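# An overview of the molecular structure
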Amino acid sequence: MTAILVYSEQLDTALELLGAAQTLAPQLDLTVSAAGLGAEAAPQAAALAARGAAPVYLCTEPALEGLDTGVAAQALAHIAEQAGARLVLLGSTRRGRALAGRLAQRLGAGCVTDASSLAVEDGLLVAGRYNLGGATVQREALTSAVQVVAVMPKVFAADEAGGVGTVVAGADAIVDVSPGLAAPAVRVVDRQPREGETVDLAAAARIVGVGRGLAKRDDVTLGEGLAAALGAELACTKSLADFGWMSDDRIVGLSGAKTSPEVYLAVGISGQVQHTVGMAQARVVAVVNQDKDAPIFALADYGVIGDLYQIVPALIERLKTL
Ligand SMILES: Cc1cc2nc3c(=O)[nH]c(=O)nc-3n(C[C@H](O)[C@H](O)[C@H](O)COP(=O)(O)OP(=O)(O)OC[C@H]3O[C@@H](n4cnc5c(N)ncnc54)[C@H](O)[C@@H]3O)c2cc1C
């Protein structure tokens, strides 16, 4: 077994994993290949090949319609064997976690999901995972002959793929595979757009995060006004989503989005670790909190100690004049 195999149905995540694989490969003495699954995966396969994955295995069999995780695992197991994969890297999304377990079972592989770091120590791959609700990091060494690891999105930067020392391949690096997949157990009968708002916090350049410093549901409009004035997305702590004041899509942290914006403005947020794991990568952190001892100030580049009900309206007015 001589290869690392990278797969995600989302190109950004696949590129993040490719960058990780290219960093790990020389330390493990492995090559880096990738997989594309489904009728529409050809452009993604080409992008991965252009960033140095070789070969990229492309499977477009009709059974992959809808990317049922059982069928996707069947296709990936076939590809992993053809590629001689010792390590398979997947994205630790909801689908990716389900896929990781199914694939590992097919390959008889050791499996880690939700990896927040990857390193090679004494020749072994060691994955970090948040433990005890994010308060600690647990490090797990993989000792099995074949390994499947699902890595949390945003742990590695997508632009690290194709870095120094990568031999850039081309379209001839794409290999079509036809394993003869079984029909999916689930048939897609209809597709409906998701109801309500959707937001991509992971991709946002500016974020205003609001927490329980807001006294009532109507005050969310204060956060909305600040986000609009700053050209930012509005996010929240899990508490506000649990109250039903904001949608789950807007949670930042362990149970929500892992963000890395240019600016994260935390308003009325205490800074519990379950929240900060989702925003500590921000380039600039600004805080408004009335408690000078709130843990969030430990992360702050700029901070205002005071009542958000006085500070936020003043900030909005000032931002409007800029
Ligand atoms: C397994 C698990 C997973 C979790 N996942 C997440 C997650 O993904 N994301 C997440 O956010 N949380 C998560 N939590 C919850 C987390 O532990 C905290 O409870 C939560 O983040 C706290 O939210 P908060 O900062 O809004 O509230 P609080 O901790 O109550 O803080 C409110 C802050 O507002 C300040 N404040 C109050 N009034 C004002 C005012 N008028 N002006 C200015 N400041 C004011 C206070 O000083 C305080 O610092 C998780 C918990 C568990 C157990």
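Note that the structure is a prediction, hence the values are computed from the model and not measured.

Every one of the 27 residues lining the ligand counts as a neighbour, but G211, G213, T237, G253 and S270 are closest to it. Elements supplying a minimum of two residues to the shell around the ligand: helix 6 (238–242), helix 7 (273–276), strand 14 (284–289) and helix 8 (308–321). Among the residues making up the shell around the ligand, the classes are represented as eight nonpolar, 15 polar and four charged.

Buried residues dominate strand 13 (residues 263–267), accounting for four of its five residues. Examined bridge by bridge, strand 11 (residues 206–210) and strand 13 share five bridges and lie parallel to one another. From the neighbouring strand, G209 faces strand 13, where its bridge partner is A266.

Before going further, it helps to examine the sheet that holds strand 3 (residues 56–59). In sheet architecture, strand pairing relies on hydrogen bonds along the backbone and comes in two forms, parallel and antiparallel. Overall, parallel pairing links the seven strands, which are arranged 5-9-4-1-2-3-10 in an open sheet. Looking along the sheet, the strands with just one partner apiece sit at the ends: strand 5 (110–115) and strand 10 (174–176). This sheet shows a mean twist of 20° between the axes of neighbouring strands, independent of strand direction. Direction of pairing for strand 1 (residues 3–7) relative to strand 2 (residues 31–37): parallel, over a ladder of four bridges. The residue bridging I4 from the neighbouring strand is V32, located in strand 2.

Here we take up helix 4 (residues 94–107). With 14 residues, helix 4 ought to run about 20 Å at 1.5 Å a step, and its terminal C-alpha atoms sit 20 Å apart, in line with that. Of the positions making up helix 4, those classed as buried are G96, L99, A100, R102, L103, A104 and L107. In the core, the buried residues of helix 4 are packed alongside helix 3 (69–83), strand 4 (85–91), strand 5 and strand 9 (147–151). Of the residues flanking the end of helix 4, it is G108, one or two places downstream, whose phi is positive at about 65°.

On to the sheet that holds strand 14, then. Sheet architecture is open: five strands sit in the order 12-11-13-14-15, paired in parallel fashion. The two strands at the open ends of the sheet, each matched to only one other strand, are strand 12 (233–236) and strand 15 (302–305). Neighbouring strand axes in the sheet, compared pairwise and without regard to direction, differ in orientation by 15° on average. Sheet topology note: the strand 13/strand 14 ladder contains five bridges and is parallel. Bridging from a neighbouring strand, Y264 pairs with V285 of strand 14. Of the strands in this sheet, strand 11, strand 12 and strand 13 touch helix 5 (residues 220–230), which is tilted by about 165° from strand 11. Across the face of the sheet, helix 8 comes into contact with strand 13, strand 14 and strand 15 while running at roughly 130° to strand 14.

Domain parsing of the protein chain yields domain 1 (3–176) and domain 2 (201–321). Contacts between the two partners involve seven residues from domain 1, matched on the other side by seven residues from domain 2. Among the residues forming the side of domain 1 that touches domain 2, the class breakdown is four nonpolar, two polar and one charged.

As a further point, take the nonpolar core. If you look at the biggest cluster of nonpolar residues, it comprises 60 residues, and the most contacted ones within it are L5, V6, L76 and L89. The dominant element in this core, judged by the number of residues it contributes, is helix 3, at nine residues. Aside from chain neighbours lying at most four places away, what touches L76 is Y7, A35, V88 and L103. Counting residues in each nonpolar core, the second largest holds 32 residues, with A227, A235, L240 and I269 among its members.

What follows covers the packing of helix 3 against helix 4. Put simply, helix 3 and helix 4 touch, their axes get as near as 9 Å, and they point 50° apart. In terms of their interaxial angle, helix 3 and helix 4 are classed as oblique. Judged by the twist between their axes, the crossing of helix 3 over helix 4 is right-handed. Residues T69, G70, A72, A73, L76, A77 and A80 of helix 3 form the contact with helix 4, whose participating residues are R95, A98, L99, R102, L103, R106 and L107. Of the residues contributing to the contact of helix 3 with helix 4, the split by class is nine nonpolar, two polar and three charged.

With that out of the way, let us pick up the packing of helix 1 (residues 11–28) against helix 2 (residues 42–50). Viewed as axis vectors pointing N to C, helix 1 and helix 2 meet at an angle of 25°, and their least axial separation amounts to 11 Å. Classed by the angle they form, the pair helix 1 and helix 2 counts as roughly parallel. Between helix 1 and helix 2 lies a crossing whose hand is right-handed. Contacts between helix 1 and helix 2 involve L11, A14 and L18 on the former and, on the latter, Q44, A47 and L48.

What counts, and at which threshold
- Residues numbered from 1 in each chain as written.
- Predicted model: local features only at pLDDT ≥ 70, side-chain atom pairs only at ≥ 80, totals over all residues.
- Near = placed C-beta within 6 Å.
- Helix = DSSP H or I, 4+ residues; strand = E, 2+ residues; numbered from the N terminus.
- Nonpolar A, V, L, I, M, F, W, Y, C, P; charged D, E, K, R; others polar.
- Buried ≥ 20, exposed ≤ 12 C-beta atoms within 10 Å, placed from the backbone.
- Pairing = 2+ DSSP bridges.
- Axes fitted to C-alpha atoms, helices over the stretch in contact; angles between N-to-C directions.
- Expected span 1.5 Å × (residues − 1).
- Contact = placed C-beta atoms within 7 Å.
- Domains from an automatic or database assignment.
- Core = buried A, V, L, I, M, F, W, Y, C linked by C-beta atoms within 7 Å.
- Parallel < 35°, antiparallel > 145°, perpendicular 65-115°, else oblique.
- Left-handed = near helix turned anticlockwise from the far one by under 90°.

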